[in-house]
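Analysis of the macromolecular model
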Amino acid sequence: QLRADAESVLAPGETLSAFVMDAVSRTIDFRKSQQDFIARGMASAQRARTEGSYVPADKVIAGLRRRLAGARRARK
């Protein structure tokens with residue numbers, strides 16, 4: 001069924017092999033991007049902790065809730 005589904009969406013002149021290669025290539029690029037994103041986030045968090053500028057998640061969320069409440073009051 002998977003093969004039939006894949007073949008049903010091939011572009012004119014496209015082979016199943018080319019389709020699979022494209023899918024694999026895109027998935028590799030996506031996963032590399034994910035890994036890079038996570039690595040940058042982890043490095044940033046470590047840097048913030050080291051420099052003393054780290055803000056705990058509960059404080060960030062509390063601040064966001066205050067802003068949201070203020071925005072909701074302003075809309076009324």
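Refer to the structure above for everything that follows.
I will try to describe carefully the structure that is included in this document. (Residues numbered from 1 in each chain as written. Predicted model: local features only at pLDDT ≥ 70, side-chain atom pairs only at ≥ 80, totals over all residues. Heavy atoms only, no water.)

Moving on, we get to the overall build of the protein. Scanning the protein from N- to C-terminus turns up three helices and zero strands. Secondary structure of the protein in N-to-C order comes out as α-α-α. Taken against the 2.2 N^0.38 rule, which gives 11 Å for 76 residues, the C-alpha radius of gyration of the protein at 23 Å runs more than 25% over that of a compact globule. Reported as C-alpha extents along the three principal axes, the dimensions of the protein are approximately 55 × 40 × 20 Å. A total of 76 residues make up the protein; the buried ones form 5% of that total. (Helix = DSSP H or I, 4+ residues; strand = E, 2+ residues; numbered from the N terminus. Rg over C-alpha atoms; globule rule 2.2 N^0.38 Å. Buried < 20%, exposed > 50% of the residue type's maximum accessible area, 1.4 Å probe, protein only.)

In this section: the pattern of salt bridges. Tallied over the entire structure, the rule returns two salt bridges. A salt bridge links Arg 3 to Glu 7, with the nearest nitrogen and oxygen atoms 3.0 Å apart. Taken together, the positions of Arg 3 and Glu 7, both in helix α1 (residues 2-8) and four residues apart, correspond to about one turn of that helix. For Arg 3, a relative accessible area of 57% gives the class exposed. The partly exposed category is assigned to Glu 7, whose relative accessible area is 38%. (Salt bridge = Lys/Arg side-chain N within 4 Å of Asp/Glu carboxyl O.)

Attention now goes to the packing of aromatic side chains. Applying the stated rule across the entire model yields zero aromatic pairs. A cation over a ring is seen here: Arg 49 above Tyr 54, with NZ or CZ 4.4 Å from the ring centre. (Phe/Tyr/Trp six-rings, centres within 6.5 Å; stacked < 30°, edge-to-face > 60°. Lys NZ or Arg CZ within 6 Å of the ring centre and 35° of its normal.)

Examined against the element boundaries, Ile 61 turns out to sit in helix α3 (residues 57-75). As a C-alpha pair, Ile 61 and Arg 3 span 58 residues in sequence and 46 Å in three-dimensional space.

So, about a nonpolar patch on the surface. Where nonpolar side chains cluster on the molecular surface, the patch consists of Val 20, Val 24 and Ile 28 and spans about 230 Å² of accessible area. Examined against the element boundaries, Val 24 turns out to sit in helix α2 (residues 16-51). (Patch = residues over 30% accessible without salt bridge, like charges linked within 9 Å, V, L, I, M, F, W, Y side chains within 5 Å. Areas by Shrake-Rupley, 256 points an atom, 1.4 Å probe, with all protein chains shown as cover.)

Glancing now at the environment of Lys 76. Its place among the elements puts Lys 76 in the segment after α3. Given the relative accessible area of 86%, Lys 76 is considered exposed. Separated by 65 residues in the primary sequence, Lys 76 and Ala 11 place their C-alpha atoms 52 Å from one another.

Take the environment of Ala 43 next. Locating Ala 43 in the fold gives a position in helix α2. Using a relative accessible area of 35% as the deciding quantity, one classes Ala 43 as partly exposed. Between the C-alpha atom of Ala 43 and that of Arg 26, which follows or precedes it by 17 residues, the distance is 26 Å.

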